[in-house]
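Here is what each chain is made of, one letter per residue.
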Amino acid sequence: MNEKHILGISGGRDSAALAVYMQHFHPEIEMEYFFTDTGKELPEVMSFLGKLEGFLGKPIHALNPDRDFDFWLAEYNHFLPSPRTRWCTRQLKLRPMEKWLEKDLANGTIVHSYVAIRADEPQREGHQSTHSNMHVHFPLRDAGIDRKGVIDLLERFGVGQPDYYQWRSRSGCTFCFYQQKIEWVELHDRHRDKFDEAVAYEKTAHEHGSPFTWSQGESLLEIVEPERQAQIREDYAKRLARLRSKQRRNPLAALITEDVDDVYGANQDTACDVCSR
Ligand code: SF4
């Protein structure tokens, strides 16, 4: 019986840690690593993938969608994707993976898919198997590896964390609608071309009658108005100070990092499970 073992790398720390874990603790498994490239990735993600490839000593296959974001945007009448209509994940992330596995699954190959759900996320289900020949595994969860364990693994093996964690909680598209306002402000500062591209998409959507903006309640240009920017930065600084003071009062519960999500207390449901593990 043919078997195939696959591990999707998102550019985030959990999937990277899973790859490191599998390579170190299960070298007997002939793993195939893949990355579904939306074509709208942060430069920090691409450089981290290069670093990870170096560590793994294997290529991470880029699965490029046959049709890009612009094609699908036009198909969806220029309505921007949103948490309620996440056509982007379906068309740019899931579809390329399904196409990649289509032949193998059809010819009876058993596909083992390793998914980076941690031990401290019992409520998460991860990618469910969509085919009887597909078996999904959660090695981090099974080994009791939590968020701290993930960071320890990456540090211990010298891979480190992607640089974007300094200002953004997750990988995924530059214009992902799951971003907090402060992340848009940072995108504006750090990757002006990507920010401008997101503005252009928003403008086209508006011209086609879409009422939606990338960020709820205001356009990107409104977000980066000097007064609004200052307000967003101030709000972030206050929340961060609150978080740090809480940690000082309870050092046992102290976080080892302070992601934007920690500061805003983002519910895990608001994260893109498929794109940003
Ligand atoms: S990262 Fe965000 S915008 Fe990109 S595919 Fe995932 S949900 Fe959609």
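Residues numbered from 1 in each chain as written. Predicted model: local features only at pLDDT ≥ 70, side-chain atom pairs only at ≥ 80, totals over all residues. Heavy atoms only, no water.

Per an unreviewed UniProt entry, the protein is named Phosphoadenosine phosphosulfate reductase family protein, and its organism is Deinococcus arenicola.

Applying the stated criterion across every chain yields a total of 20 salt bridges. Its salt-bridge partner being Glu 98, residue Arg 90 comes within 2.9 Å of it at the nearest N-O pair. Of the residues examined, Arg 90 reaches a relative accessible area of 36% and is grouped as partly exposed. Where salt bridges share partners, they join Asp 14, Arg 118, Asp 120 and Glu 121 into one cluster. (Salt bridge = Lys/Arg side-chain N within 4 Å of Asp/Glu carboxyl O. Buried < 20%, exposed > 50% of the residue type's maximum accessible area, 1.4 Å probe, protein only.)

Another point: the side chain of Lys 93. Within the element layout of this structure, Lys 93 appears in helix α4 (residues 87-106). We classify Lys 93 as buried; its relative accessible area is 5%. Within the structure, Lys 93 has its side chain in polar contact with the backbone oxygen of Thr 36 (distance 2.8 Å). (Helix = DSSP H or I, 4+ residues; strand = E, 2+ residues; numbered from the N terminus. Polar contact = N/O pair within 3.5 Å; in protein donor to acceptor, adjacent residues only side chain to side chain.)

A few words now on the environment of Phe 212. Looking at where Phe 212 falls in the secondary structure, it is placed in the loop between α8 (192-207) and α9 (220-223). For Phe 212 and Lys 99, which are 113 residues apart along the polypeptide, the C-alpha to C-alpha distance reads 30 Å. Discounting residues that sit within four places of it in the chain, Phe 212 has contacts with Phe 79 and Leu 80. (Contact = heavy atoms within 4.5 Å.)

For any pair of aromatic rings, the description rests on two quantities: the centre-to-centre distance and the angle between the ring planes. Counting across every chain of the model gives 15 aromatic pairs. Arranged with centres 4.7 Å apart and planes meeting at 45 degrees, the rings of Phe 69 and Phe 175 form a pair that is tilted. Of this pair, Phe 69 sits in helix α3 (residues 69-75) while Phe 175 sits in the loop between α6 (147-156) and α7 (181-190), and the two are 106 residues apart along the sequence. Exposure class is identical for Phe 69 and Phe 175. Each is buried. Taking the centre distance of 4.8 Å and the plane angle of 50 degrees together, the rings of Phe 177 and Tyr 178 count as tilted. Taken as a pair, Phe 177 and Tyr 178 share a single burial class, namely buried. Members of the aromatic cluster, joined through ring pairs, are Phe 69, Phe 71, Trp 72, Tyr 76, Trp 87, Phe 175, Tyr 201 and Trp 214. One cation-aromatic arrangement involves Arg 67 over Phe 71; the distance from NZ or CZ to the ring centre is 4.5 Å. (Phe/Tyr/Trp six-rings, centres within 6.5 Å; stacked < 30°, edge-to-face > 60°. Lys NZ or Arg CZ within 6 Å of the ring centre and 35° of its normal.)

Moving on to the side chain of Thr 38. With respect to the element layout, Thr 38 can be found in the loop between β2 (31-36) and α2 (43-56). Here Thr 38 falls in the buried class, since its relative accessible area comes to 5%. A polar contact of 2.7 Å, which involves the side chain of Thr 38, links it to the side chain of Glu 41. Once residues lying within four places of it in the same chain are set aside, the contact partners of Thr 38 are Leu 92, Lys 93 and Cys 173.

Okay, a positive patch on the surface next. Taken together, the side chains of Arg 242, Lys 246, Arg 248 and Arg 249 present a region of like positive charge at the surface. For Arg 242, the position within the fold is in helix α10 (residues 226-249). (Patch = residues over 30% accessible without salt bridge, like charges linked within 9 Å, V, L, I, M, F, W, Y side chains within 5 Å. Areas by Shrake-Rupley, 256 points an atom, 1.4 Å probe, with all protein chains shown as cover. Lys, Arg positive; Asp, Glu negative; His and termini not counted. Charge placed at Lys NZ, Arg CZ, Asp CG, Glu CD.)

On to the domain arrangement of the protein, then. Looking at the assigned domains, one finds that the protein contains domain 1 (3-163) and domain 2 (181-270). With centres defined by C-alpha atoms, the gap from domain 1 to domain 2 works out at 25 Å. Contacts between domain 1 and domain 2 engage 22 residues on the former and 21 residues on the latter. Surface buried jointly by domain 1 and domain 2 totals about 1,700 Å² across both partners, of which 59% is contributed by carbon and sulfur atoms. When residues of domain 1 are sorted by the area they lose upon contact with domain 2, His 78, Leu 80 and Arg 147 head the list and together hold 34% of the total. For the interface between domain 1 and domain 2, the tally reads two salt bridges. Across the salt bridge formed by Asp 262 and Arg 147, the nearest N and O atoms sit 2.8 Å from each other. Here domain 1 and domain 2 share five residue pairs in polar contact (both at pLDDT 80 or more) between them. Breaking the side of domain 1 that touches domain 2 down by element, the ones donating at least two residues are α2, α3 and α6. Partitioning the side of domain 1 that touches domain 2 into residue classes produces eight nonpolar, four polar and 10 charged. (Domains from an automatic or database assignment. Buried area = accessible area lost by both parts, 1.4 Å probe. Nonpolar A, V, L, I, M, F, W, Y, C, P; charged D, E, K, R; others polar.)

Let us now look at helix α1 (residues 13-25). The end-to-end C-alpha distance of α1 is 18 Å, a good match for the 18 Å that 13 residues give at a rise of 1.5 Å each. For α1, a buried count of 10 out of 13 residues is recorded, marking the element as mostly surrounded by other parts of the structure. Within α1, burial applies to Arg 13, Asp 14, Ser 15, Ala 16, Ala 17, Leu 18, Ala 19, Val 20, Tyr 21 and Met 22. (Expected span 1.5 Å × (residues − 1).)

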